[in-house]
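Residue-level structural notes
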Amino acid sequence: MSVIELTREHNLDMDHAVQAADELAQSLSERFSVDYEWEDKVLRFHRSGVKGQLEVAESQIHLHMELGFLFRPFKDRIEQEIHSHLDGLLKKA
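To keep things clear, this report deals only with the structure shown in the data block. It should be emphasised that the depicted structure is a prediction, and the values quoted were computed from it without experimental measurement. (Residues numbered from 1 in each chain as written. Predicted model: local features only at pLDDT ≥ 70, side-chain atom pairs only at ≥ 80, totals over all residues. Heavy atoms only, no water.)

For helix α1 (residues 14-32), which comprises 19 residues, the first-to-last C-alpha distance of 26 Å matches the rise-based estimate of 27 Å (1.5 Å per residue) to within 8%. All of the buried residues along α1 are Met14, Ala17, Val18, Ala20, Ala21, Asp22, Leu24, Ala25, Ser27, Leu28 and Phe32. At the N-terminal boundary of α1, the capping side chain belongs to aspartate 13, with an oxygen 3.1 Å from the backbone nitrogen of aspartate 15. Serine 33 sits one or two residues past α1 and shows a positive phi near 55 degrees. (Helix = DSSP H or I, 4+ residues; strand = E, 2+ residues; numbered from the N terminus. Expected span 1.5 Å × (residues − 1). Buried < 20%, exposed > 50% of the residue type's maximum accessible area, 1.4 Å probe, protein only. Polar contact = N/O pair within 3.5 Å; in protein donor to acceptor, adjacent residues only side chain to side chain.)

Below is the structure:
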């Protein structure tokens, strides 16, 4: 199993931080057929070969994603897209 860990500091209020995390989840859902659900301030997502969570805190957003065997070759690309997308959302919000 391959793991992606990502933490982004932010200075958004909690509502805007959750909104940015939700937009990232929607994008992952559309691009990679990922299902997700919110449990308080933690967004859990999964699909065959991928699972993880995105935790929204007062000053940071933390992503933990586990990639199964079939997704390992795409780890760098997936990680780069998440970095880019999340950075864009946090700047926009």
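Moving on, there is more to tell.
To continue, consider the pattern of salt bridges. Under the defined criterion, the tally for this structure stands at five salt bridges. The salt bridge partner of arginine 8 is aspartate 87, with a shortest N-O separation of 2.4 Å. In this pair, arginine 8 is assigned in strand β1 (residues 2-9) and aspartate 87 in helix α2 (residues 75-92), connecting sequence segments 79 residues apart. Assessed through its relative accessible area of 27%, aspartate 87 is described here as partly exposed. For arginine 77, the salt bridge goes to glutamate 81, with nearest N and O atoms at 3.1 Å. With a gap of four residues between them, arginine 77 and glutamate 81 both fall in helix α2, about one helical turn apart. Here arginine 77 falls in the partly exposed class, since its relative accessible area comes to 44%. One salt-bridge network, held together by shared partners, links Arg31, Arg77 and Glu81. (Salt bridge = Lys/Arg side-chain N within 4 Å of Asp/Glu carboxyl O.)

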